[in-house]
Amino acid sequence: MNVIIVATILFFTSHYLCFSQADKLRLAQSYEQQGDFANSFRLYYQLLETDQLNLGYFLGVVRSLNNQQKYTELLPIVEMQVKRTPSSLTYSIAGETLWKLGQPTKADENWNTAVKEFIFSEDDVLTIANSQLTQRQIEKAITTFIAGRKKFTSNELFAEELSQCYAANGKIDLAMTEIITLLRTSFNLGVVQGKITALISNPNNIPVVEESLLKLKKTDQENLLNYRLIEWFYRSTNQTGKALNIVSELDKKSGSNGGEIYQFASVCSKDGLFEDALKAYSMIIDDNSAAANLRISAIFGYTRTLETKLSISTSITKDQISDVLQRYESIAKDPTASSFAPEIVYRKGMVLKIFAKDIPSAKKEFTQCASKYYGTPFSSMARLELAEIAMVEGSFDEAKNILQPMKSLSETNELRRKADFFIAEMLWFEGNIDSAKVLYGAIAKKVLTNEANDALERIILIEQFQEQKVRLQEYAKATYLTFQMKNNDALNAFRTIILSNATDDISELSYLDILLIQHSTNQDGNVITTYTEFIKAFPESIWGDKALFLYASSLKNLQRFEESKKAFQQLLATFPSSTYLTATREELRKIPL
């Protein structure tokens, strides 16, 4: 095919005089596309000579010579074309060419002529200004846009273009004036936000932008779009306190009766701005004029936010836990909050279980949720929590009975999958390996779920050690101790497995479990010792990257930064396909220089 194309081009080249204008134009375009600008110029110029008023041919000549930087050769052609077809386009090209040749006075004469005599449409203004901008003549382009406004007696034209020009020249106040004009004419909040985002990427511009937006609000107090823009600006610049004040004003102006504030609180909560979210929710809760259902939603939002905040806190007080529980109870007492009832009971149980560590009280809440609200998702979720508690306590029969009603759920239901996985895990912990494998197999078919991934890991493990069933049962029982969070007992069980046969694959896996327990319980010094034993016994371990990551992390926790850095770098070099590469690079960035 390429041979045919080359032959065709050669044929056209040697016989172009015999062809039509259309054929010659196609050949010129073909040369231009290939980057052969000398030949494309020759053909475009010949075409122009046969049709001197054709601007398409003329532009082909301009492109071809510009791409060769032959501005001296281009100038007389452009000057001739200006005489033939005077327009904003030809005078602009003349201005560009003269500017490139270092003749700014003559360049300005041509641009000025274009502005004074050849602006007949908005496109003419854009043509001249864009020509000036290609030569980085921003002030000249601004003058052209303003001339266009005067020509068409409109101070709203070219607002977007002018905002970019002023921003490029560092005139942020004028850029903001144009951006506000753009908002007023287009009502396109997204475009305006994009332009302001570009401005505030420089922190020095933030006060100027703020002043412009506040002035806008003051002069046009009834336009709700202005309030939304200012609220967005304050959130974007981490001034959430000011943002909340604006939202309060917006709420009153719009007659939302707390709706705008509630939406703001929800956004802050999702963004991790917990204090701002709590403050906003409190405003609705304390406002007796707010709609009852909105106040209930606000109390619920407040409580969930506080609960989330506690979950990432390093220290939780009894008063904080009590506050969450009391707020849940206050919602439950409100007759308008009946739709929240199942979740309230479930959430109370979770707070008691996770934060208060009050398992008996948590079980009461979960039991109430499971029985009283049977058929709801929260009932099933409560059953899973009750089953897990029973499993931790060693009551497998009780756990299985609790999960039994969930068999009525569809096999595609996420909660059903979790219930099935719990049952499979109990079989595994009991040492009933074959039965566990069958159930893991059914779960693993539901791909792209956490349960499927965990089940697949168990299956691989079972198949790998199917000839060592007794050892595998010992290992399974040790993992049950880990599940029960009996860490010392689990460590002893894994150590016993290693002592009975220190070189087999199950001992290799047991070492990894020991490292995981030690690392998760901040036994960093013990991690160093265990890793040394592990790597000596299994220098080519398939879990080497995971063990090395735990080792390097513990060195970092012990502030042995140089050793940690070397260990992380070793992981990158030795395990180029490891799933820990991203985490390793992140940890390396955190190590002090």
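Residues numbered from 1 in each chain as written. Predicted model: local features only at pLDDT ≥ 70, side-chain atom pairs only at ≥ 80, totals over all residues. Heavy atoms only, no water.

1. Here we look at the overall build of the protein chain
Across its full length, the protein chain holds 33 helices and zero strands. At 37 Å, the protein chain has a C-alpha radius of gyration far larger than the 25 Å of a compact globule built from 593 residues. The dimensions of the protein chain, computed from C-alpha atoms along their principal axes, are 100 × 75 × 50 Å. Each of the 593 residues in the protein chain was classed as buried or not, and the buried ones make up 45%. Taking the contacts inside the protein chain whose residues are at least 6 apart along the sequence as the reference set, 49% of them involve residues at least 24 apart. (Helix = DSSP H or I, 4+ residues; strand = E, 2+ residues; numbered from the N terminus. Rg over C-alpha atoms; globule rule 2.2 N^0.38 Å. Buried < 20%, exposed > 50% of the residue type's maximum accessible area, 1.4 Å probe, protein only. Contact = heavy atoms within 4.5 Å.)

2. Some thoughts on the pattern of salt bridges
Scanning the model with the defined rule gives 35 salt bridges in all. Lys 363 is the salt-bridge partner of Glu 393, the closest N and O atoms lying 3.6 Å from each other. Pair noted here: Glu 393 is in the loop between helix H22 (377-392) and helix H23 (396-403) and Lys 363 is in helix H21 (residues 359-372), with a separation of 30 residues, a long-range link. By relative accessible area, Glu 393 is classed as partly exposed at 44%. Here Asp 434 makes a salt bridge to Lys 469, at a shortest N to O gap of 2.9 Å. Placement of the pair is Asp 434 in helix H25 (residues 433-444) and Lys 469 in helix H27 (residues 469-483), with a sequence separation of 35 residues. By relative accessible area, which is 45% here, Asp 434 ends up partly exposed. (Salt bridge = Lys/Arg side-chain N within 4 Å of Asp/Glu carboxyl O.)

3. Side note on the nonpolar core
Ranked by internal contacts, the top residues of the largest apolar core, which has 131 residues, are Ile 196, Val 209, Phe 233, Leu 403, Trp 428 and Tyr 440. Ranked by residues supplied to this core, first place goes to helix H24 (residues 414-429) with ten residues. Setting aside residues no more than four positions away along its own chain, Phe 233 makes contact with Ile 196, Ile 200, Ile 206, Val 209, Glu 210, Leu 213 and Gln 239. By size, the runner-up hydrophobic cluster in this structure holds 38 residues, among which are Tyr 44, Trp 111, Phe 118 and Ile 128. (Core = buried A, V, L, I, M, F, W, Y, C linked by side-chain atoms within 4.5 Å.)

4. Digging into the side chain of Thr 240
Within the fold, Thr 240 resides in helix H15 (residues 240-254). Judged by its relative accessible area of 10%, Thr 240 is buried. Of note is the side chain of Thr 240, whose polar atom sits 2.8 Å from the side chain of Asp 276. Contact partners of Thr 240, with chain neighbours within four places excluded, come to Tyr 234, Phe 264, Leu 273 and Asp 276. (Polar contact = N/O pair within 3.5 Å; in protein donor to acceptor, adjacent residues only side chain to side chain.)

5. Comments concerning the packing of helix H17 (residues 274-285) against helix H18 (residues 292-311)
In the contact formed by H17 and H18, the axes pass within 9 Å of each other and the chain directions differ by 155°. Comparing the axis directions of H17 and H18 gives the class roughly antiparallel. Note on packing geometry: the crossing formed by H17 with H18 is left-handed. Judged by residue contacts, Phe 274, Glu 275, Ala 277, Leu 278, Tyr 281, Ser 282, Ile 284 and Ile 285 of H17 engage Leu 294, Arg 295, Ala 298, Ile 299, Gly 301, Tyr 302, Thr 305, Leu 306, Thr 308 and Lys 309 from H18. Among the residues making up the contact of H17 with H18, the classes are represented as eleven nonpolar, four polar and three charged. (Axes fitted to C-alpha atoms, helices over the stretch in contact; angles between N-to-C directions. Parallel < 35°, antiparallel > 145°, perpendicular 65-115°, else oblique. Left-handed = near helix turned anticlockwise from the far one by under 90°. Nonpolar A, V, L, I, M, F, W, Y, C, P; charged D, E, K, R; others polar.)

6. What about the packing of aromatic side chains?
In total, this model carries 24 aromatic pairs according to the counting rule given. Taking 5.4 Å as the distance between ring centres and 50° as the angle between the ring planes, the aromatic pair formed by Phe 233 and Tyr 234 counts as tilted. Of the two residues, Phe 233 and Tyr 234, both sit in the buried class. Pairing Phe 429 with Tyr 480 gives two aromatic rings, centres 5.0 Å apart and planes at 40°, and the pair type is tilted. Of this pair, Phe 429 sits in helix H24 while Tyr 480 is found in helix H27, placing the two residues 51 residues apart along the sequence. Residue Phe 429 shares its accessibility class with Tyr 480, and that shared class is buried. Site record: aromatic cluster; members linked through ring pairs are Phe 396, Phe 429, Tyr 480 and Phe 483. (Phe/Tyr/Trp six-rings, centres within 6.5 Å; stacked < 30°, edge-to-face > 60°.)

7. Here's the deal with the side chain of Ser 554
Among the secondary structure elements, Ser 554 is positioned in helix H31 (residues 544-557). Apart from the residues within four sequence positions on either side, Ser 554 is in contact with His 519, Asp 524, Val 527 and Ile 528.

8. Points about the layout of surface pockets
Empty space within the largest pocket amounts to approximately 1100 Å³. Taken together, 32 residues line the largest pocket, and the ones lying closest to its centre are Glu 457, Arg 458, Asp 513, Leu 516 and Lys 546. Only H24, helix H26 (450-464), H27, helix H29 (505-520) and H31 provide two or more residues apiece to the lining of the largest pocket. Considering every element that reaches the lining of the largest pocket, the biggest residue donor is H26, with eight residues. Here the lining of the largest pocket is composed, by residue class, of 15 nonpolar, eight polar and nine charged. Lys 353, Ile 354, Lys 357, Ile 359, Glu 388, Ile 389, Val 392, Phe 483 and Met 485 together form the lining of the second largest pocket. Listing elements by their share of the lining of the second largest pocket, those giving two or more residues are helix H20 (341-354) and H22. Looking at which element gives the most residues to the lining of the second largest pocket, the answer is H22, with three residues. (1 Å grid on protein atoms, 1.4 Å probe; cavity = no way out; pocket = protein on both sides within 12 Å on 5 of 7 lines; lining within 4 Å. Points joined across faces, edges and corners; volume = space filled by probe spheres on them.)

9. Structural notes on unusual backbone geometry
Here Phe 158, not a glycine, exhibits a phi torsion of approximately 60°, which is positive. Structurally, Phe 158 is set in the loop between helix H9 (138-151) and helix H10 (159-168). One non-glycine residue, Gln 559, lies in positive phi territory at about 65°. Within the secondary structure, Gln 559 sits in the loop between H31 and helix H32 (561-574).

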